[in-house]
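Structural features, examined
Here is what each chain is made of, one letter per residue.
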Amino acid sequence: MEIFKNIGKIPFEGSQSKNPLAFRYYDAEKLVLGKPMKEQLNFAMAWWHNLCATGTDMFGPGTADKSFGATIGTMEHAKAKVDAGFEFMSKLGIEYFCFHDVDLIPEAADINETNSRLDEISDYILEKMKATGIKCLWGTANMFSNPRFMNGAGSSNSADVFCFAAAQIKKALDLTVKFGGEGYVFWGGREGYETLLNTDVKFEQENIARLMHLAVDYGRSIGFKGDFFIEPKPKEPMKHQYDFDAATAIGFLRQYGLDKDFKMNIEANHATLAGHTFQHDLRISAINGMLGSVDANTGDAQLGWDTDEFPYSVYDTTMAMYEILKAGGLKHGGLNFDAKNRRPSYTYEDMFEGFILGMDTFALGLIKAAALIEDGRLDEFVKDRYSSYTTGIGAKIRSGETTLVELAAKAAELKTPALPGSGRQERLESIVNQVLFNGAN
Ligand code: XLS
Ligand code: CA
Ligand code: CA
């Protein structure tokens, strides 16, 4: 049964189109730097926002009807969400989805019952995957909503809760493997603390690492060949979360010997909550060989919380795609729209238009990032900026063939150094504008 009845397959109509239900820039098969756009971008739908979230906030109930013709809280509704999700993805040409265990079914009081519901729904999802060719980008376990996780999952003070975290991860890994998923995400929603007065940080971090090692061992034992991901976030819901940003999470992985199996899943809105730009956390991940996947959304510059908006800033997506292209792409990753409509945008059309906005914004970002790379002036400038390290004493510093004594002698000989070359920030920003808006006049 068709759910989104008045909405057909979303066509590509080009930049002049005024049809709100058409792509203006995302042309799936168009080659950019030798690869079809759809492969450069690997778009994914987040089950939780798109099929579950209704716009509920702290001040009122949801505004969007996501019953899809069934009674909420039943397995019939779980199946209706699958029908809606696959119809939605097919109409938009989205080839991947991401899920939490409890996005798929109503959670039961007894974990055994929850697991049998997951078995039933995953058989149904698998049928749809086979029929449509749609794939799973990554799976995860929700270890932050249920009250048992009030003090975290791996970091909980309760060993019984730790067991439930382990059980959920085990099942979510089973499902990820059943779906042939490319990745498995740890977002440490409540892995952090509210006050140090009651918290043993070292103990908690050791336990989180233990849980991750157990997950890797189990995942590999059942044939999971993809990447594990940490998704950093500094705060919300906890005051202080342990995976603050990419640099912190990478340090943690290295400290506990998890860096061979894990990479980063960078969310734009989380990077900005940490006081960075999206581009910054992508760069930090990339230079450490840890750029895994991306949660594609945006926050709001005036609001200090996690608004999960559909990305609309072409400047931001250009700089993000610039990092991703220069890192050689996302091997087991993609761009997952961990994004939701604003509460007053509550119709089925809005669901589609949110994705069209996000997909077009990233398509433009890809085109413009490729143009920046082809233009070459940024790369050339950066290379030249460090050229004092290519010869003489600079080359010796880089190759490790010098000493503090020799360097001090060189300084004494120079007496006073010439100022470093201009950073030319304004010139470079102007180049970016030129590449973004060429053809504007
Ligand atoms: C919440 C996170 C979450 C993860 C998956 O802020 O973005 O949705 O992506 O658990
Ligand atoms: Ca996310
Ligand atoms: Ca978020």
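The structure reproduced in this document is the subject of the present report. (Residues numbered from 1 in each chain as written. Chains lettered and ligands numbered in written order. Predicted model: local features only at pLDDT ≥ 70, side-chain atom pairs only at ≥ 80, totals over all residues. Heavy atoms only, no water.)

It is worth spelling out the overall build of the protein at this point. Each helix and strand counted, the protein has 16 helices and 12 strands in total. Whereas a compact globule of 441 residues would reach a radius of gyration of roughly 22 Å, the protein reaches 24 Å, a difference of no more than 12%. Reported as C-alpha extents along the three principal axes, the dimensions of the protein are approximately 80 × 60 × 45 Å. Buried residues in the protein amount to 49% of all 441 residues. By sequence separation, contacts in the protein at least 24 residues apart represent 75% of the contacts at least 6 residues apart. When the accessible surface of the protein is totalled, it reaches about 21300 Å², and 54% of it is carbon and sulfur. Treating the 46 positive side-chain charges of the protein as one cloud and the 60 negative ones as another, the clouds have centres 5 Å apart. (Helix = DSSP H or I, 4+ residues; strand = E, 2+ residues; numbered from the N terminus. Rg over C-alpha atoms; globule rule 2.2 N^0.38 Å. Buried < 20%, exposed > 50% of the residue type's maximum accessible area, 1.4 Å probe, protein only. Contact = heavy atoms within 4.5 Å. Areas by Shrake-Rupley, 256 points an atom, 1.4 Å probe, with all protein chains shown as cover. Lys, Arg positive; Asp, Glu negative; His and termini not counted. Charge placed at Lys NZ, Arg CZ, Asp CG, Glu CD.)

Taken together, Glu 231 (OE), Glu 231 (OE), Glu 267 (OE), Asp 295 (OD) and Asp 338 (OD) make up the full set of protein donors to the calcium ion (ligand 2), lying 2.1 to 3.2 Å away. All donors to the calcium ion (ligand 2) come from one chain, and their sequence spacing reads E-x35-E-x27-D-x42-D. The two metals, the calcium ion (ligand 2) and the calcium ion (ligand 3), are separated by 4.7 Å and share Glu 267 as a common coordinating residue. Residue Glu 231 is located in the loop between β8 (227–230) and β9 (240–241), and its partner Asp 295 is located in strand β11 (residues 291–295); the two are separated by 64 residues in the primary sequence. Looking at Asp 295, the relative accessible area reads 0%, which means it is buried. (Donors = N, O, S within 2.8 Å, 3.2 Å for Na, K, Ca; no water.)

Here we take up empty space enclosed by the protein. The final tally for this structure, using the stated rule, is 6 cavities of 30 Å³ or more. Volume-wise, the largest cavity comes out at about 140 Å³. Together, 19 residues line the largest cavity, and Ala 53, Lys 66, Lys 340, Asn 341 and Ser 345 are the ones closest to its centre. Of all elements in the fold, only α2 (47–52) and α12 (348–375) reach the threshold of two or more residues within the lining of the largest cavity. Here the lining of the largest cavity is built from residues that sort into 7 nonpolar, 8 polar and 4 charged. Considering the residues around the second largest cavity, the lining is formed by Met 143, Phe 186, Trp 187, Gly 188, Glu 191, Ile 208, Leu 211, Met 212, Tyr 242, Asp 243 and Phe 252. A per-element tally of the lining of the second largest cavity places helix α7 (residues 201–221) first, with 3 residues. Of the residues in the lining of the second largest cavity, the class split is 8 nonpolar, 1 polar and 2 charged. (1 Å grid on protein atoms, 1.4 Å probe; cavity = no way out; pocket = protein on both sides within 12 Å on 5 of 7 lines; lining within 4 Å. Points joined across faces, edges and corners; volume = space filled by probe spheres on them. Nonpolar A, V, L, I, M, F, W, Y, C, P; charged D, E, K, R; others polar.)

So, about the coordination of the calcium ion (ligand 3). Surrounding the calcium ion (ligand 3) are the protein donor atoms Glu 267 (OE), His 270 (NE2), Asp 306 (OD), Asp 306 (OD) and Asp 308 (OD), at 2.1 to 2.8 Å. Taken in chain order, the donor set of the calcium ion (ligand 3) reads E-x2-H-x35-D-x1-D. A relative accessible area of 2% places Glu 267 in the buried class. Given a relative accessible area of 7%, Asp 308 falls into the buried group.

In the vicinity of ligand 1, the residues found are Trp 48, His 100, Phe 144, Trp 187, Glu 231, Lys 233, Glu 267, His 270, Asp 295, Asp 306 and Asp 338. Take His 270: an N or O atom from its side chain is 3.2 Å from an oxygen atom of ligand 1. Within the side chain of Asp 306, an N or O atom sits 3.1 Å from an oxygen atom of ligand 1. For ligand 1, the accessible surface in isolation is 290 Å², of which the surrounding protein chains cover 93%. A majority-of-atoms criterion places ligand 1 in the largest pocket. (Near = heavy atom within 4 Å. Polar contact = N/O pair within 3.5 Å; in protein donor to acceptor, adjacent residues only side chain to side chain. Sits in = over half its atoms within 2 Å of the grid points.)

With that out of the way, let us pick up the pattern of salt bridges. All told, the structure shown has 23 salt bridges when counted by the stated rule. Two residues, Lys 38 and Glu 95, come together in a salt bridge whose shortest N-O distance is 3.2 Å. Highlighted residues: Lys 38 in helix α1 (residues 37–41) and Glu 95 in the loop between α3 (75–92) and β4 (96–100), separated in sequence by 57 residues. Ionic pairing is found between Lys 326 and Asp 379, a salt bridge with its closest N-O pair at 2.4 Å. One end of the pair, Lys 326, is in helix α11 (residues 314–326); the other, Asp 379, is in helix α13 (residues 377–385), with 53 residues separating them in the sequence. (Salt bridge = Lys/Arg side-chain N within 4 Å of Asp/Glu carboxyl O.)

This part covers unusual backbone geometry. Cis geometry is found at the peptide bond from Glu 236 to Pro 237, where omega equals 10°. Following the sequence through the fold, Pro 237 ends up in the loop between β8 and β9. In this structure, Asn 42 takes a positive phi of about 40° despite not being glycine. Along the chain, Asn 42 turns up in the loop between α1 and β3 (43–46).

The next thing to look at is the nonpolar core. Of all hydrophobic cores here, the largest spans 110 residues; its most connected members are Trp 47, Leu 92, Phe 97, Ile 125, Leu 335 and Phe 362. By residue number, the principal contributor to this core is α12, which donates 11 residues. Excluding residues within four positions of it along the chain, Ile 125 makes contact with Trp 47, Val 82, Phe 86, Phe 97, Leu 104 and Phe 179. Counting residues in hydrophobic clusters, the runner-up holds 11 residues, among them Trp 48, Cys 98, Phe 144 and Trp 187. (Core = buried A, V, L, I, M, F, W, Y, C linked by side-chain atoms within 4.5 Å.)

A few words now on helix α8 (residues 246–255). Among the residues making up α8, those that are buried are Ala 246, Ala 249, Ile 250, Phe 252 and Leu 253. Taken end-on, α8 shows its buried residues confined to a sector of 160°, consistent with a single buried face. Looking at the buried side of α8, the elements it contacts are α7, β8, β10 (262–267) and α10 (278–287). Two residues or fewer after α8 comes Gly 257, characterised by a positive phi angle close to 65°. (Arc of directions from axis to C-beta.)

Further remarks concern the pairing of strand β6 (residues 183–186). The side chains of a regular strand alternate between both faces of the sheet. Along β6, one buried face is formed by Gly 183 and Val 185 and the opposite face, lined by Tyr 184 and Phe 186, is buried too. Judged from the 3 bridges that link them, strand β5 (residues 135–140) and β6 form a sheet pairing that is parallel. Bridging from a neighbouring strand, Gly 139 pairs with Tyr 184 of β6. Read as a crossover between parallel neighbours, the route from β5 over helix α6 (residues 159–178) to β6 is right-handed. (Pairing = 2+ DSSP bridges. Right-handed = clockwise from strand over helix to strand, strands pointing away.)

Purely spatial values, then, with no claim about function.
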